[in-house]
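Remarks on the overall topology
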Amino acid sequence: QVQLVESGGGLVQPGGSLRLSCVASESLFRFINMGWYRQAPGKPRELVADFRRWGSTNYADSVKGRFTVSRDNAKNTVYLQMNSLKPDDTAVYYCNAQSSTMEIYWGQGTQVTVSS
């Protein structure tokens, strides 16, 4: 069973930065798509950013220019660098992975709170 473990969330002031990490229990090459989603209270889960095995990336309009997704294959780790954070970015952030056999995996989530 694939496990995804997120870390790096916390409380940050508006305009600040955080870097989230997601460590996978298996090689990232197993997955055809990996990314980050978030869910704010009372709202549906939404895509933040993802990238395909072959390198193309996709970002939600609300985070373009502020967030960057990256990966370290040697460490089986995916990152989400978040800059210029806004209160609207407050949510639980989830790591997501999709295997070549279309299985979907989720991490347990990490809370990000942007507040002064």
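Structure shown above.
Attention here is on the structure that accompanies the text. Keep in mind that what you see is a predicted model, and the values were worked out from it rather than measured. Throughout, a residue's number is its position along its own chain's written sequence, starting from 1. The predicted origin of the model limits local features to residues at a pLDDT of at least 70 and limits the giving and counting of side-chain atom pairs to 80 or more, whereas totals for whole chains, interfaces and linings rest on all residues. In computing side-chain properties, one takes all heavy atoms of the structure into account and sets aside hydrogens as well as water.

The next point concerns the packing of aromatic side chains. Note on ring pairs: Phe, Tyr and Trp rings are taken, using the six-membered ring of Trp, and paired if centres are within 6.5 Å. Classes follow the plane angle, with under 30 degrees stacked, over 60 edge-to-face and the rest tilted. All told, the structure shown has three aromatic pairs when counted by the stated rule. Ring geometry for F31 and Y105: centres 6.2 Å apart, planes at 70°, overall edge-to-face. Remark: Y105 occurs in strand 10 (residues 104-106) and F31 occurs in strand 4 (residues 31-39); sequence separation between them is 74 residues. Between Y37 and W106, the aromatic rings sit 5.1 Å apart at their centres with planes inclined by 70°, giving edge-to-face as the arrangement. Of this pair, Y37 sits in strand 4 while W106 sits in strand 10, and the two are 69 residues apart along the sequence. Site record: aromatic cluster; members linked through ring pairs are Y37, Y94 and W106. Two conditions define a charge sitting above a ring: the NZ of Lys or the CZ of Arg must be within 6 Å of the ring centre, and it must be within 35 degrees of the ring normal. The lysine or arginine in question, R45, covers the ring of W106, its NZ or CZ lying 4.6 Å from the ring centre. Helix and strand assignments follow DSSP, with helices taken as H or I runs no shorter than four residues and strands as E runs no shorter than two, numbered in order from the N terminus.

Note on definitions: salt bridges are taken to be side-chain nitrogens of Lys or Arg within 4 Å of carboxyl oxygens of Asp or Glu. In the structure shown here, the tally under the stated rule is six salt bridges. E26 is the partner of R30 in a salt bridge, and the nearest nitrogen-oxygen pair spans 2.5 Å. The residue E46 makes a salt bridge to R38 at a minimum N-O spacing of 2.7 Å. The network of salt bridges with shared partners includes R38, E46, R66 and D89.

Turning next to the sheet that holds strand 7 (residues 67-72). In spatial order, the strands read 1-3-8-7; together these four strands make up an open sheet with antiparallel pairing. Here the strands that pair on one side only, and so sit at the sheet edges, are strand 1 (4-7) and strand 7. Sheet twist, expressed as the average angle between the axes of neighbouring strands with direction ignored, equals 15°. Strands are treated as partners if at least two bridges between them are detected by DSSP. Across four bridges, strand 1 lies against strand 3 (residues 18-24) in antiparallel orientation. Counterpart to S7 in the pairing with strand 3 is S21. Axis definition: a line fitted to C-alpha atoms, limited for helices to the stretch in contact. Angles are taken between N-to-C directions and run from 0 to 180 degrees.

This brings us to the state of the cysteines. Only a pair of cysteine sulfur atoms within 2.5 Å qualifies as a disulfide here. One pass over the structure, following the stated rule, counts one disulfide. A disulfide bridge connects C22 with C95, and the sulfur atoms are separated by 2.1 Å. Given an S-S torsion of about -80°, the disulfide between C22 and C95 has left-handed geometry. Placement of the pair is C22 in strand 3 and C95 in strand 9 (residues 91-99), with a sequence separation of 73 residues. Residue exposure (1.4 Å probe, protein chains only): buried if accessible area is under 20% of the type maximum, exposed if over 50%, otherwise partly exposed. The class of C95 is buried, set by a relative accessible area of 0%.

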